[in-house]
Amino acid sequence: LINPTVQEIADEGGWQGCERCPRSFASVFMADITLFQTVVAGDSWGYIAVPVIEKNPATAIIFIGALMTLVFGVLNLIVAVIVDVFAQSREKDVYTRA
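(A) Representation of unusual backbone geometry. The backbone of Trp15 shows a phi angle near 60°, a positive value even though the residue is not glycine. Topologically, Trp15 is positioned in the loop between α1 (3-11) and α2 (28-40). Of the residues examined, Trp15 reaches a relative accessible area of 9% and is grouped as buried.

(B) Structural context of the state of the cysteines. Applying the stated criterion across every chain yields a total of one disulfide. With a sulfur-sulfur separation of 2.1 Å, Cys18 is cross-linked through a disulfide to Cys21. Its torsion about the S-S bond being 80°, the disulfide of Cys18 and Cys21 is classed as right-handed. With a relative accessible area of 2%, Cys21 lands in the buried category.

(C) A look at the environment of Tyr47. In this structure, Tyr47 sits in helix α3 (residues 45-55). With 19 residues separating them in the primary sequence, Tyr47 and Val28 have C-alpha atoms 20 Å apart. With residues near it in sequence (within four places) discarded, Tyr47 still touches Trp15, Gln16, Cys18 and Cys21.

Rules behind the numbers
- Residues numbered from 1 in each chain as written.
- Predicted model: local features only at pLDDT ≥ 70, side-chain atom pairs only at ≥ 80, totals over all residues.
- Heavy atoms only, no water.
- Helix = DSSP H or I, 4+ residues; strand = E, 2+ residues; numbered from the N terminus.
- Buried < 20%, exposed > 50% of the residue type's maximum accessible area, 1.4 Å probe, protein only.
- Disulfide = S-S within 2.5 Å.
- Contact = heavy atoms within 4.5 Å.

As structure tokens, then:
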């Protein structure tokens, strides 16, 4: 779904000076690296994703899904740490009162 769109953009002369961009979704491994690079590392999210979404709007589902999964995953970790700290605090408070 994404690689044919990437190839069309590359054939039209998109991504001048980017050697990796035309092969960014050529295989599952390359797609994983690209999603890791754009979502986790924050490198050039708009440089690869925005032209692909503009060319084929259906691909937005994949990019937004990956981004939302990461956002909710990090949010879940933060909430878990906060809840754990409060649980430990409560446990200490109950121990000192008893």
